[in-house]
Amino acid sequence: MSAPFRLASGGLIDRGKPLSFSFDGKTYNGFAGDTLASALIANGVKLVSRSFKYHRPRGILTAGSEEPNALVELRSGARREPNTRATVTELYDGLVAASQNRWPSLALDVSGINDLLSPFLAAGFYYKTFMWPAKFWEALYEPLIRRAAGLGRVAGAEDPDTYEKAFAHCDVLVIGAGPAGLMAALAAGRAGARVILADEDFRLGGRLLAERHEIDGRPGAAWAAGIEAELSAMPEVRIMHRTTVLGVYDHGQYSAVERVNDHVATPPIHEPRQRSWKIVAKRAVLAAGALERPIAFGNNDRPGVMLAGAARAYINRYAATPGKRLAVFTNNDDGWRTAADARTAGIEVVAVVDSRAAKSELSKLGFSTMSNSRVSHVDGKQGVRAIDVVGANGRATRIECDALAVSGGWNPAVHLTCHLGGKPVWNDEIAAFVPGTRPPAMYAAGATNGAFTLSRCLTGGIAAGAMAAGDCGFDFTPITQPRADDEPAAVTPLWHVKESRAKAFVDFQNDVTAKDIALAHQEGFGSVEHLKRYTTLGMATDQGKTANVTGLAILAEASGRAIPQVGTTTYRPPYVPVSFGAMAGHHRGRDFRPIRLPPSHAWATEQGAVFMETGAWLRAQYYPRAGETDWLQSVNREVAATRASVGVCDVSTFGKVAFEGPDAAAFLDRVCANTLSTLPVGKARYALMLREDGFVQDDGTVARLGPEYFVMTSTTANAPRMMQHLEFCHQVLWPALDVGMVSVSEQWAQFAVAGPRSRDVLCKLIDADIANAAFPYLGAREVSFGGVSARLFRLSFSGELAYELAVPARYGDAVIRAIMAAGAEFAITPYGIEALGVMRTEKGHVAGQEMNGQLTARDLGLGRMMSTRKDYIGRVMAQRPALLDPERPAFVGLRPVERSARLRAGAHFIPVGAAATIENDEGYMTSVAFSPTFGHWIGLGVLKRGPERIGQRVRAYDPVRNGDVEVEVCSPHFFDPEGARLHA
């Protein structure tokens, strides 16, 4: 189970639990506690990816979530996941990983020719290249870009795993479990506060896991384990491993994602793969640490070039060495610790190249030291072979090595402090940005706050945790600060080695070089936001964590400004990439929105109904019978049977709102265009509602069942929006009106019984006189249905004699069965929403297709419903001259001149003989249906001066579906225009 670059001892891996994994089809070995990156390093795999733009060979650069290079595909089949960072992927037995963005192989990538073409692919080349000639865009440019875009392959199959959303509340949220975070959580926890400690690693300790520091005489990792044990024993403390806090929002809200089962091949049954958290905290302590930055020099992106802190992490935590002969290039004291730890581990350190003047305390460490020097070039393509070092005298020295550790200093992870508009401030002492204005109720501690030494981190963590707990009303009991040394942390900035003779990369993932930044400034893109977009600096999955500050410094130098004057780009959530699954949670597929089932659903299923989603409901679309080969045959049969005898349809899904109170009538008068306060008890009336801008919002009916009690219906799809509108009107516009309202859509099952024999059917079921004289059209009353209190409305949208029977929802299934039994002697036929739509179209009723937000009441022929004696929402705006223009398209019916022709909704009306141009467009078809009553297609639509043109002909032009049908303009009331059947 040994690997050529695995140290014989040391590290925090469990050598008693060997694991097997594969990368690009080759099998390797690792141990529990490894990441994919550390296991690859231990096995001597340096080439792991190709860069996005130039397809240059790339290796592992970091050891954390800021990794820009080592993006791989994990797993296979439906669970395949692209663009996963190898540095945060926990190793498990059987893990399958593959490189991406290469063809035919990682070692030999044809697209690597882009590197040779780089002089033509500099920053902004796409802006200059793809603009002309214009006709090349669709024919050449777009296809090429689409083929080249993307870093990995999606699975191509439905994700079999599940994801969850969860919520948590706490007094103190501690973000990060390094030394500062652990002390902050301990201080707040001992004070009695409810604490959540979230860390993205699978083990607490942060940088302590990667260092040889001691705290209270114990190794840092052991000390962290002891603190974790104490925190775990506190009942008010929750530790969340593998959890990254992604964003900060108003009112103390934080988003986070927990990788619950990313570290196993297949999540256990009933467990999610990832969980998205919304955490509400009274106070927060940000202890996210700091991110090391590289230095730009020639070929600094070659496999084997690694950040010094990452090299130290792989050596100390994972017992994996980046190479056999290591060189270190640094501008700060921290880089020397990598050299010291590497030597302690038995790795040959061939040179320490320090851009600063010689420091006596460092020269005593016994390394081959080159002060006042800079690495200018890396030799080797798929791995480091040697480096060129330029000394103070300008002479270059070649040093053979197989790994190079680089440290350009550390940047505090200030990102979360900026998500609510805060701006970081520049700190010359550490040559980095530190938190400026933080979000309300957030403290920063440790390296995030610019404290780069261990003792200061511990001190800052205790103080931040104590203050956070104190703000929440808890008394803090002083705790003894653990003993730790303040290690040297001086830095002298060096951003770019100008003696480089090859590309010096700043943003590794987007292939942005120092030369690109200078070019952007030269071409006028000196604003930091313009620089970002012109060069794509910081726009990749790592969001510039390792690149942005270096890029800003190079821009500052090119423009003759100080770095604080250049400023920073805008920090936005999420802090790290998030899977779509975690964001969606259970809300996908059928679970995207809960499906509501009408009361007759079980019965309709027994009848073999075909269902469709209507708003939030699953409604019967039609009821096929034996021998019917398509849906239209079924619908035609349902329409014909209903018009010949009787049919029944479940209309329970219509929105239903009950109003009660002394001001209920006045309220309805204000929200509806027609007057409803004059509606007698026991009657119903068609109602129309306008938006504030004067356009139609929805229609329905209002029934008055008592002096102060009304019931309003609305269309199924608009019901939630209608209720929201009504609540707004009451709570915001007229809160003084004494009226209560409640949605009762789910409380009542309602069935439309329509057709010439509908009265005969209902007479067998209810105890009431419903003869025409006793219960005329638009009547509404309470009735008894087998001893159950019910409501009966004489309403019709089919043009037939029709009623709507409403009963409490729990009786809905029994009632539909009773209706069918009572109607058996009349051959009663159930019909779905397709047949309902056909009969609605035959009768000329407007519906959702016409009430699309673009038409007024006058456009729809409903102008007479707009009261001139009262005020109501939309009245003033409906009087705008443009809405009164007689040239506006108005509601008409259409039938094809050639009766066999098919009509299609969406077709535009063009004068016969005129060209099909926008200038000649006179309206469009809103609804169409095949009418079994008339034996041909019919349509409804809006046509310029439509009512005046009845009898004329126009073209129904549909270029999308190659339709061009001549139609005759007619009345929209195709069926029973006199209403004789309606009032029978």
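Before any of the text, the structure's been laid out above.
From a predicted model like this one, the values you see are computed outputs, not experimental measurements. (Residues numbered from 1 in each chain as written. Predicted model: local features only at pLDDT ≥ 70, side-chain atom pairs only at ≥ 80, totals over all residues. Heavy atoms only, no water.)

## Examining the overall build of the protein
Along the backbone of the protein there are 23 helices and 49 strands. Relative to its 984 residues, the protein shows a buried fraction of 57%. At a minimum sequence separation of 6, the contacts of the protein that also span at least 24 residues come to 66%. Here the protein has roughly 39900 Å² of accessible surface; of this, 54% comes from carbon and sulfur atoms. (Helix = DSSP H or I, 4+ residues; strand = E, 2+ residues; numbered from the N terminus. Buried < 20%, exposed > 50% of the residue type's maximum accessible area, 1.4 Å probe, protein only. Contact = heavy atoms within 4.5 Å. Areas by Shrake-Rupley, 256 points an atom, 1.4 Å probe, with all protein chains shown as cover.)

## A look at the pattern of salt bridges
Enumeration over the complete set of coordinates arrives at 54 salt bridges. One salt bridge in this structure joins Asp161 and Arg273, with 3.9 Å as the shortest N-O distance. Highlighted residues: Asp161 in the loop between α4 (136-148) and β8 (163-175) and Arg273 in the loop between β14 (253-258) and β15 (274-286), separated in sequence by 112 residues. With respect to burial, Asp161 and Arg273 carry one shared label: buried. For Arg312, the salt bridge identified is with Asp334, shortest N-O distance 3.0 Å. You can see Arg312 sitting in helix α7 (residues 308-316) and its partner Asp334 sitting in helix α8 (residues 334-344), a full 22 residues away along the chain. Here the two residues Arg312 and Asp334 agree in accessibility, since each one is buried. (Salt bridge = Lys/Arg side-chain N within 4 Å of Asp/Glu carboxyl O.)

## A word on the sheet that holds strand β7 (residues 95-98)
Across the sheet, five strands lie side by side as β2-β1-β7-β5-β6; this open sheet has mixed pairing. The open sheet is flanked by β2 (26-32) and β6 (81-85), the only strands paired with a single partner. Each strand of the sheet is rotated relative to its neighbour by a mean of 40 degrees, with strand direction disregarded. Of the pairings in the sheet, the one linking strand β1 (residues 14-23) to β7 comprises three bridges and is parallel in character. Residue Phe23 lies in a different strand from β7, and its bridge partner there is Ala97. (Pairing = 2+ DSSP bridges. Axes fitted to C-alpha atoms, helices over the stretch in contact; angles between N-to-C directions.)

## Focus on unusual backbone geometry
Residues apart from glycine generally show negative phi values, whereas peptide bonds are mostly found in trans. Note that the residue after Trp103, namely Pro104, is joined by a cis bond; omega there is 0 degrees. Following the sequence through the fold, Pro104 ends up in the loop between β7 and α2 (113-116). Residue Thr536 is not a glycine yet carries a positive backbone phi of 70 degrees. Within the element layout of this structure, Thr536 appears in the loop between α12 (528-535) and α13 (548-559). Non-glycine residue Asn962 carries a positive phi angle of around 55 degrees.

## Digging into the sheet that holds strand β19 (residues 348-354)
Spatial ordering of the open sheet is given by β17-β24-β18-β19-β20, a layout of five strands whose pairing is parallel. Lying at the two open borders of the sheet, with one neighbouring strand each, are β17 (305-307) and β20 (369-370). As judged from the six bridges shared by strand β18 (residues 325-330) and β19, these two strands associate in the parallel manner. Each bridged residue has a counterpart across the sheet, and for Val328 the counterpart in β19 is Val352. Packing of α7 onto the sheet brings it into contact with β17 and β24 (403-407), and relative to β17 it is tilted by some 90 degrees.

## Structural notes on the side chain of Asp199
By the secondary structure assignment, Asp199 is in the loop between β9 (195-198) and β10 (214-215). Buried charge Asp199 goes without a salt bridge, the closest partner of opposite sign being Arg259 at 7.3 Å. Engagement of the side chain of Asp199 in a polar contact is seen with the backbone nitrogen of Asp201, the distance being 2.8 Å. Those residues in contact with Asp199, other than ones at most four positions away along the chain, are Gly176, Ala177, Gly178, Leu204, Met240, His241, Arg242 and Thr243. (Lys, Arg positive; Asp, Glu negative; His and termini not counted. Polar contact = N/O pair within 3.5 Å; in protein donor to acceptor, adjacent residues only side chain to side chain.)

## Let's talk about the pairing of strand β47 (residues 936-944)
Of all nine residues making up β47, eight are buried, and the element is well covered by its neighbours. As defined by bridge partners, strand β44 (residues 889-896) adjoins β47 across six bridges and the pair is classed as antiparallel. Bridging across to β47, Ala890 finds its partner in Leu943. Bridging between strand β46 (residues 923-931) and β47 involves eight bridges; their strand directions are antiparallel.

## Brief notes about helix α11 (residues 514-522)
For α11, every residue scored as buried is listed here: Ala514, Asp516, Ile517 and Ala520. Mapping the buried residues of α11 onto a view down its axis gives an arc of 160 degrees, with all of them on the same face. Turned more than 90 degrees off the buried face of α11, the exposed positions are Lys515 and Gln522. Where α11 is buried, its residues touch β29 (505-507), β30 (512-513), α12 and α13. (Arc of directions from axis to C-beta.)

## Digging into the packing of helix α17 (residues 631-644) against helix α22 (residues 833-843)
Look at α17 against α22: their axes get within 9 Å of each other, and the N-to-C directions meet at 60 degrees. By the angle between their axes, α17 is oblique relative to α22. α22 is crossed by α17, and the crossing has right-handed handedness. Here α17 contributes Trp631, Val635, Glu638, Val639, Thr642 and Arg643 to the contact with α22, which in turn contributes Glu834, Ala835, Val838, Met839 and Glu842. Grouping the amino acids of the contact of α17 with α22 by side-chain chemistry returns six nonpolar, one polar and four charged. (Parallel < 35°, antiparallel > 145°, perpendicular 65-115°, else oblique. Left-handed = near helix turned anticlockwise from the far one by under 90°. Nonpolar A, V, L, I, M, F, W, Y, C, P; charged D, E, K, R; others polar.)

## Some words on helix α5 (residues 179-190)
The end-to-end C-alpha distance of α5, which contains 12 residues, comes to 16 Å, matching closely the 16 Å that a straight helix rising 1.5 Å per residue would cover. Of all 12 residues making up α5, 11 are buried, and the element is well covered by its neighbours. Residues Pro179, Ala180, Gly181, Leu182, Met183, Ala184, Ala185, Leu186, Ala187, Ala188 and Gly189 constitute the buried set of α5. Note on α5: the residue one or two positions beyond its end, Gly192, has a positive phi of about 100 degrees. (Expected span 1.5 Å × (residues − 1).)

## Details of the environment of Met234
Along the chain, Met234 falls in the loop between α6 (220-232) and β12 (237-240). Given a relative accessible area of 14%, Met234 falls into the buried group. Note: C-alpha distance between Met234 and Gly450 (216 residues apart in sequence) is 30 Å.

## A look at the nonpolar core
The biggest cluster of nonpolar side chains holds 52 residues, and the ones touching the most others in it are Phe21, Phe23, Leu36, Leu95 and Tyr314. The biggest single contributor to this core is helix α1 (residues 36-42), with six residues. Ignoring any residue separated from it by four or fewer positions in sequence, one finds Leu36 in contact with Phe21, Val72, Leu74, Ala86, Thr89, Leu91, Leu95 and Ala97. Grouped together as the second largest cluster of nonpolar side chains are 39 residues, Ala180, Leu182, Met183 and Ile239 included. (Core = buried A, V, L, I, M, F, W, Y, C linked by side-chain atoms within 4.5 Å.)

## Quick notes on the packing of aromatic side chains
Here the structure, examined in full by the defined rule, presents 13 aromatic pairs. With 5.8 Å between their ring centres and 35 degrees between their planes, Tyr314 and Tyr318 make a pair best called tilted. Judged by its relative accessible area of 4%, Tyr318 is buried. Between Trp426 and Trp495 the ring centres are 6.5 Å apart and the planes differ by 50 degrees, which places this aromatic pair in the tilted class. Taken as a pair, Trp426 in strand β26 (residues 425-427) and Trp495 in the loop between α10 (454-471) and β29 lie far apart in primary sequence, 69 residues in all. As far as burial versus exposure is concerned, Trp426 and Trp495 are alike and both buried. Ring pairs connect the aromatic residues Trp426, Phe433 and Trp495, which therefore count as one cluster. A cation over an aromatic ring shows up here: Lys324 above the ring of Phe5, its NZ or CZ 4.7 Å from the ring centre. (Phe/Tyr/Trp six-rings, centres within 6.5 Å; stacked < 30°, edge-to-face > 60°. Lys NZ or Arg CZ within 6 Å of the ring centre and 35° of its normal.)

## Quick notes on the environment of Ala444
Locating Ala444 in the fold gives a position in strand β28 (residues 442-444). For Ala444, a relative accessible area of 12% corresponds to the buried category. Taking the C-alpha atoms as reference points, Ala444 and Arg572, separated by 128 residues in sequence, lie 18 Å from one another. For Ala444, the contacting residues outside a window of four places in its chain are Leu286, Pro435, Arg438 and Asn449.

## As for the side chain of Thr84
Position of Thr84 among the secondary structure elements: in strand β6. In contact with Thr84, other than residues within four places in its own chain, are Ala70, Leu71, Val72, Leu74 and Thr89.

## Here's the deal with the environment of Ala184
Assignment of secondary structure puts Ala184 in helix α5. Each C-alpha atom, one on Ala184 and one on Pro577, is 27 Å from the other, the two residues being 393 residues apart in sequence.

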